[in-house]
Amino acid sequence: MISEARKYQAFYTKSTPIVDYMVSKLSLQASDKIFEPCGGDGVFVEAILSENEFAHIDICELNPKSVEILNEKFSDCPNVIIRECDTLLDTELKFNSCFGGIYDKIIANPPYGAWQDYEKRAVLKKMYPELYAKESYGLFLYRCIELLKEDGILSFIIPDTFLNLHMHKALRNHILTTTQIVELALFPSSFFPGVNFGYANLSIITLSKKSNYKECLQNVFNVVNGFSEVEQLTNIEDEHLKTYSFKQEDVFNNPDHAFLIAENSNILKLINQSKFKVGDIADCVTGFYSGDDKRFLQVISPELKNGKHYNLVNAETINSDYKNNPDILTGIDGHQHFLPIVKGGNTKYLKPESWFMNWSKEAVLHYKTDKKARFQNPKYYFKFGIGVPMISSSSITASLIENKLFDQSIVGIFPKDESLTYYLLAFFNSPTCNKLIRTINPSANNPANYIKKIPIIIPEKSVLELITEITKNIVDELKAIGRYNENEELKIWEMIKQIYKV
Ligand SMILES: C[S@@+](CC[C@H](N)C(=O)[O-])C[C@H]1O[C@@H](n2cnc3c(N)ncnc32)[C@H](O)[C@@H]1O
């Protein structure tokens, strides 16, 4: 059984500054026909009625219990019409969308990632073939843009993932070519009482419908961020906030129409214009999963993070000869069949050898046939490259994969020219790289697809050699004494900053 809250994603907008900001963005007029597509308990409707008690408002709401509350609350308002229906499937709304829209204003906090049963998901996929049907908020936004009249205004509070994620490319295309964005406010999800997504921030997008796509692309809009408290939404000119202007055409021309929001215009230039991206000079691939780590993975010491959940490896079963074994991908015969594996965790330059995978012939056969196991990209196993954890708690980090296995929480990066390995290792550990990846994807995730898009500049030979040498020294120091001279690292960061001007 799924809970009511999960089924309907009923997180109500109990924040006066958020509600006031969104209502003010609608520039309400007395004659407006207004739509609230997911009524909840009616916070937006109450705020609108307190400005104009005669406002014409249509509300849709799926949950019968919420409809009951709405009926009670607004029983004295003949101008408020409440329907129990599914905004995404309703035929009346579908009809009105097809004929150019009927609303002057729309305001919503739609469900995010609302649970949809498989039947409904299949119907939604058919109705919105271009969109990502699993993420409900995008479908609500699309439906509501269609429901707006020409020049009608909409204000939505939604996660900011639609700005960058691949799967929302079609939605970005729709927004950029059928609407003029009025303003985009970006702030932490913790501003929203009771909700903290962790994985994403929140955004309020206000836009106005325009059928002429050239006028859409010429539109210039502001993005506001740098909020430290929710009250700042009521004073968007607050000098502590950061405001950036963008032309829609420029966003449209970005790779995948992504909204790249960066303080430094050099960052945008690099992302759009650099001759090479990481994906051009290196293979970026996800690593291995045994399907059952408790059974196959062993640890060097129980003291290690999560170590106590795994069996201790017997030093005599560790194989150190495997690098010369041409048949390594079929497994190892005999007693010594445990091999080192690089796992996630944000350690720079070099990870100590702490985890070992069972690589016996039997085990490898299991990995190749088990449904849960991922024997993916095996041609990169046991090669010399670098690994970037898929999730970085703060800054992106990278460490060497010295002819080891690497697991699926890591993206393995294997330069086509192996002599670039130490330069890339230095680059991935630099603040410059962090700024670039966080502009390409502001969440803490670094999947291979985003890493491939990071611009790369190979410096002149002498600089390349110097960075390579210092980085090698750092790795050697780590091997010898377990730490390195941070001043040397600062030198590298400065050189990389000079190369990229970021
Ligand atoms: C995130 S809440 C927001 C409610 C209200 N607008 C607010 O801001 O407080 C989303 C609401 O949408 C309703 N809902 C979920 N799926 C819906 C659908 N397909 N059609 C209409 N309403 C839906 C839920 O029952 C819930 O009340």
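These lines cover the structure that appears in this document, whether it is placed above or below. Computed from a prediction, not measured in an experiment: that's the story for all the values here.

### Describing the packing of helix α18 (residues 461–481) against helix α19 (residues 486–500)
Line of reasoning, step 1. The interhelical angle for the contact between α18 and α19, taken along N-to-C directions, is 150°, at an axis separation of 10 Å. On the basis of the axis angle, α18 is roughly antiparallel to α19. Pair α18 / α19 crosses with left-handed handedness. For the pair α18 and α19, contact is made by Val-463, Leu-466, Ile-467, Ile-470, Thr-471 and Ile-474 and by Glu-488, Glu-489, Lys-491, Ile-492, Met-495, Ile-496 and Ile-499, respectively.
Line of reasoning, step 2. Considered class by class, the residues forming the contact of α18 with α19 number nine nonpolar, one polar and three charged.

### Let's talk about the sheet that holds strand β4 (residues 103–108)
Line of reasoning, step 1. Pairing is mixed in the open sheet, where nine strands are placed in the order β3-β2-β1-β4-β5-β7-β6-β8-β9. With one partner strand each, in any of the chains shown, β3 (80–84) and β9 (242–247) form the two edges of the open sheet. Neighbouring strand axes in the sheet, compared pairwise and without regard to direction, differ in orientation by 15° on average.
Line of reasoning, step 2. Where strand β6 (residues 179–187) meets strand β7 (residues 202–209), eight bridges bridge the pair, whose relative direction is antiparallel. The residue of β7 that forms the bridge with Glu-183 is Thr-206.

### Comments concerning the nonpolar core
Line of reasoning, step 1. Core analysis: the biggest nonpolar cluster contains 128 residues, and Phe-156, Leu-233, Ile-413, Phe-428 and Tyr-500 have the highest contact counts within it.
Line of reasoning, step 2. Taken domain by domain, this core gets at least three of its residues from each of domain 1 (15–261) and domain 2 (280–500).
Line of reasoning, step 3. With residues near it in sequence (within four places) discarded, Phe-428 still touches Val-278, Ile-386, Val-388, Ile-396, Thr-397, Ala-398, Ile-413, Cys-433, Ile-451 and Ile-454.
Line of reasoning, step 4. Judged by nonpolar contacts, the second largest core, of 27 residues, contains Ile-328, Ile-332, Leu-405 and Ile-410.

### Observations concerning the pattern of salt bridges
Line of reasoning, step 1. The final tally for this structure, using the stated rule, is 21 salt bridges.
Line of reasoning, step 2. The closest approach of N and O atoms between Glu-353 and Lys-404, which form a salt bridge, is 3.3 Å. Residue Glu-353 is located in the loop between β14 (338–342) and β15 (355–358), and its partner Lys-404 is located in strand β17 (residues 399–406); the two are separated by 51 residues in the primary sequence.
Line of reasoning, step 3. Note on Glu-353: relative accessible area 43%, which makes it partly exposed.
Line of reasoning, step 4. Owing to a relative accessible area of 8%, Lys-404 belongs among the buried residues under this scheme.

### Comments concerning helix α16 (residues 431–440)
Line of reasoning, step 1. The buried fraction of α16 is high, at eight of ten residues.
Line of reasoning, step 2. For α16, the complete set of buried residues consists of Thr-432, Cys-433, Asn-434, Leu-436, Ile-437, Arg-438, Thr-439 and Ile-440.
Line of reasoning, step 3. Residues of α16 that are buried make contact with α11 (265–273), α15 (421–428), α17 (448–451), β19 (455–456) and α19.

### Section: the sheet that holds β14
Line of reasoning, step 1. A sheet is described by the order of its strands in space; here eight strands give the open sequence β11-β18-β16-β17-β14-β15-β12-β13, paired in mixed fashion. Looking at which strands have only one partner, the edges of the open sheet turn out to be β11 (282–286) and β13 (311–312).

Definitions and limits used
- Residues numbered from 1 in each chain as written.
- Predicted model: local features only at pLDDT ≥ 70, side-chain atom pairs only at ≥ 80, totals over all residues.
- Heavy atoms only, no water.
- Axes fitted to C-alpha atoms, helices over the stretch in contact; angles between N-to-C directions.
- Helix = DSSP H or I, 4+ residues; strand = E, 2+ residues; numbered from the N terminus.
- Parallel < 35°, antiparallel > 145°, perpendicular 65-115°, else oblique.
- Left-handed = near helix turned anticlockwise from the far one by under 90°.
- Contact = heavy atoms within 4.5 Å.
- Nonpolar A, V, L, I, M, F, W, Y, C, P; charged D, E, K, R; others polar.
- Pairing = 2+ DSSP bridges.
- Core = buried A, V, L, I, M, F, W, Y, C linked by side-chain atoms within 4.5 Å.
- Buried < 20%, exposed > 50% of the residue type's maximum accessible area, 1.4 Å probe, protein only.
- Domains from an automatic or database assignment.
- Salt bridge = Lys/Arg side-chain N within 4 Å of Asp/Glu carboxyl O.

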